[in-house]
Amino acid sequence: MRKILLLKLLSACLVVTGVNAPVAAEEMSNYELTQRIKELEKKAGATGVSDWGADRLAFSGLMEAEAGYENIDYADPARDDEDTSDAALATMELGVDAMINDHVSGRLLFLWEQDDTEPVDLDEGYITITSGNAFPVHFNAGRMYVPFGNFESNMVSDPLTLELAETRESAIRVGADLNGFYGSVYLFNGDIDEADEDSHLDNFGANAGYALQTDDFALDIGLGYVNNMLDSDGWGDDIEDTMKKKNFALDEYVAGLASHAIVSSGPIMFVAEYVTALDDPEFIPAAGGDGFRKEKVSAWNTELGYFFDLAGKPANAGISFQGSNNAGDFLPETRLMATVGVEIFEATNLALEYFHDEYEHNDEADVITSQLSVEF
């Protein structure tokens, strides 16, 4: 619209002034004037002004400000207990989705988190190609979270299943959705390789499930598999730090399995998820000597949520019982938590959460978090 107004204004100036014009403006017919405007529009397009409008772009964002209190009670009497509190902008996201044409789209998501080592991170950036409705196949290529685990939750804090198994990689993925059934396969080059092996696209996985939604009922059940769960952003980073400190290499990839079920009926929502490694990871010393083995780790989450109106505002409350096996100090052995939240203004939510953690070595932690979030 700006371009058209500018060109019309320019044409009007030509009509009024006629200065240095090869043809006097007052002598130009309407047809000639129209042709002149079209020529100017073509030149404008050639210099980079495009009709590929902003209606093809969708912007989204999220900001989460949190204040919290944490008390850690160590089982070892030689360690002093910890008692801390803090307030911070915990999360900031900015996303751009571009619909290039009927079959091609692109997504960019920039993320900043308080505990992240990088100031701003490209959280996601990938291209999607779809085949259309006749045979609904989609292809993704780029930086993405591979579909291993679901991690659905209404809590403020991430579930333990996510902390263990969420995996972000530069990957290639092919999937399909048909009559509620969905599935995909994917391939990527992970950060942790087997001993004496070069870096290749030798990490892969698959997921499958079924989703159903009506006006008052929703169901989502699914399974996921990955041939090397040690490349996860949580457990994998913990393992990688251990390998570097001890100068060890991974003997063989350790596969992982994930399953979930999410059921919603009216105002009630139930979530159940289980993620586990399928074998013990074994490590080989880089400079000779004996290797060592770590026990396979698993995590689970059960959650019950209730949605209601509070003084005319949408609100929710929930309880969750979570846990892990063989995670040591990396994840709590059990976590009991509760949360309540209310949408105080449009797209503005205020929530309060409490959880109690108990670890394998009998350490305990109590955490209270209040969160104010804005989503657009």
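Here the structure is a predicted model, which is why all the values come from computation and not from measurement.

Caption draft 1: Here's a closer look at the nonpolar core. Phe148, Leu164, Met229 and Trp235 are the most contacted members of the largest nonpolar core, which has 31 residues in total. Considering every element that reaches this core, the biggest residue donor is helix α3 (residues 160-165), with 4 residues. Among all residues touching Met229, those that are not within four sequence positions of it are Phe148, Leu164, Ala165, Trp235, Val254, Ala255, Gly256, Val275, Thr276, Ala277 and Val297.

Caption draft 2: Representation of the sheet that holds strand β13 (residues 282-285) in the model. With antiparallel pairing, 3 strands are arranged side by side in an open sheet as β10-β13-β14. Only two strands of the sheet have a single neighbouring strand rather than two, namely β10 (248-250) and β14 (292-293). Relative to β13, β10 is paired through 3 bridges, and the arrangement is antiparallel. Pairing of Ala249 across the sheet is with Ile284, part of β13. This element, helix α4 (residues 235-246), spans β10, β13 and β14 of the sheet and lies at about 140° to β10.

Caption draft 3: Inspection of the side chain of Thr276 at higher detail. As for its position among the elements, Thr276 is in strand β12 (residues 268-277). Assessed through its relative accessible area of 10%, Thr276 is described here as buried. Residues in contact with Thr276, not counting those within four places in the same chain, are Met229, Ala255, Gly256, Leu257, Val297 and Ser298.

Caption draft 4: Just the pairing of strand β15 (residues 298-310), in detail. Summarising the sheet, β12 and β15 pair through 9 bridges and their orientation is antiparallel. Across the sheet, residue Tyr274 finds its bridge partner in β15, namely Trp300. Direction of pairing for β15 relative to strand β16 (residues 313-325): antiparallel, over a ladder of 13 bridges. Bridging across to β16, Leu304 finds its partner in Ile319. Linkage of β15 to β16, two consecutive antiparallel strands, is achieved through a turn of 2 residues, within which Ala311 is found at a positive phi near 55°.

Caption draft 5: Structural view of the confidence of the model for the protein. Looking at the protein, the pLDDT average stands at 87 and 84% of residues meet or exceed 70. Low pLDDT (under 50) marks residues 1-27, which in the prediction has 18 contacts with non-local residues, meaning those over four places away or in another chain.

Caption draft 6: α4, seen in detail. Spanning 12 residues, α4 covers 17 Å between terminal C-alpha atoms, matching the ideal 16 Å at 1.5 Å per step. Those residues of α4 that fall on the buried side of the exposure criterion are Trp235, Gly236, Ile239, Thr242 and Met243. Here the buried residues of α4 occupy an arc of 125° about the axis, which is enough to place them on one side. Of the residues in α4, the exposed ones pointing more than 90 degrees away from the buried face are Lys244 and Lys245. As for α4, its buried residues are in contact with α3, β10, β12, β13 and β14. Directly beyond the C-terminal end of α4, a positive phi value near 55° is found at Asn247.

Caption draft 7: Here's a closer look at empty space enclosed by the protein. Taken as a whole and judged by the stated rule, the model has 1 cavity of 30 Å³ or more. Residue lining of the largest cavity: Asp191, Ile192, Leu230, Asp231, Ser232, Gly236, Asp237 and Glu240, and that is the complete set. Of the residues that constitute the lining of the largest cavity, the class distribution is 2 nonpolar, 2 polar and 4 charged.

Caption draft 8: Looking closely at the pairing of strand β9 (residues 217-226). Bridge count between strand β8 (residues 203-213) and β9: 9 bridges; the pairing is antiparallel. Across the sheet, residue Gly209 finds its bridge partner in β9, namely Gly222. Connecting β8 to the antiparallel partner β9 that follows it, the hairpin turn spans 3 residues. Pairing analysis gives 10 bridges linking β9 to strand β11 (residues 256-265), with the strands arranged antiparallel. The residue of β11 that forms the bridge with Leu223 is Ser259.

Caption draft 9: Structural view of the packing of aromatic side chains. According to the stated counting rule, one finds 6 aromatic pairs in the structure shown. Measuring from centroid to centroid gives 6.3 Å for Tyr186 and Phe188, while their planes differ by 15°, and the two rings are stacked. Judged by its relative accessible area of 0%, Phe188 falls in the buried class. Their ring planes at 20° and their centres at 5.6 Å tell us that Tyr306 and Phe308 sit as a pair that is stacked. A relative accessible area of 42% places Tyr306 in the partly exposed class. Following the ring pairs from residue to residue traces out a cluster consisting of Phe248, Phe283 and Phe292. Looking at Arg79, its charged tip hangs above the ring of Tyr74, at a distance of 3.7 Å from the centre. Directly above the aromatic system of Phe355 lies the positively charged group of Arg335, at a separation of 4.0 Å from the ring centroid.

What counts, and where the lines are drawn
Here the residue numbers are simple positions, counted from 1 along each chain's written sequence. Local features in this predicted model are restricted to residues whose pLDDT is 70 or higher, and side-chain atom pairs enter the listing and the counts only when it is 80 or higher, whereas totals over whole chains, interfaces and linings include all residues. Where side-chain values are given, they derive from all heavy atoms of the structure, hydrogens and water being excluded. Throughout this description, the term nonpolar core refers to a set of buried Ala, Val, Leu, Ile, Met, Phe, Trp, Tyr and Cys residues connected via side-chain atoms within 4.5 Å. Exposure is judged per residue with a 1.4 Å probe applied to protein chains only, and the accessible area is read against the type maximum: over 50% gives exposed, under 20% gives buried, and values in between give partly exposed. Only DSSP runs of H or I covering at least 4 residues are called helices, and only runs of E covering at least 2 are called strands; the numbering of each starts at the N terminus. Note on contacts: a residue pair qualifies if any of its non-hydrogen atoms lie within 4.5 Å across the two residues. Paired strands, in this sense, are two strands between which DSSP finds at least two bridges. To get an axis, a line is fitted to the C-alpha atoms, and for a helix only the part in contact is used. The angle between two axes follows their N-to-C directions and goes from 0 to 180 degrees. Note: pLDDT gives the predictor's confidence per residue, expressed from 0 to 100. What a helix is expected to span follows from its residue count: subtract one and scale by 1.5 Å. Relevant arc is that of directions from the helix axis to the C-beta atoms, nothing else. Using a grid of 1 Å spacing that covers the protein atoms alone, one calls a set of points a cavity when a 1.4 Å probe fits there but cannot get out, and a pocket when the set is open and has protein on both sides within 12 Å along at least five of seven lines; lining residues are those with an atom within 4 Å of a point. Grid points are joined across faces, edges and corners, and a volume is the space filled by probe spheres set on the points. All residues other than Ala, Val, Leu, Ile, Met, Phe, Trp, Tyr, Cys, Pro, Asp, Glu, Lys and Arg, Gly among them, are scored as polar; the first ten of these are nonpolar and the last four charged. Pairing of aromatic rings covers Phe, Tyr and Trp, the last through its six-membered ring, and needs centres within 6.5 Å; plane angles under 30 degrees mean stacked, over 60 mean edge-to-face, and all others mean tilted. Charge-over-ring contacts are defined here by two conditions on Lys NZ or Arg CZ: a distance within 6 Å of the ring centre and an angle within 35 degrees of the ring normal.

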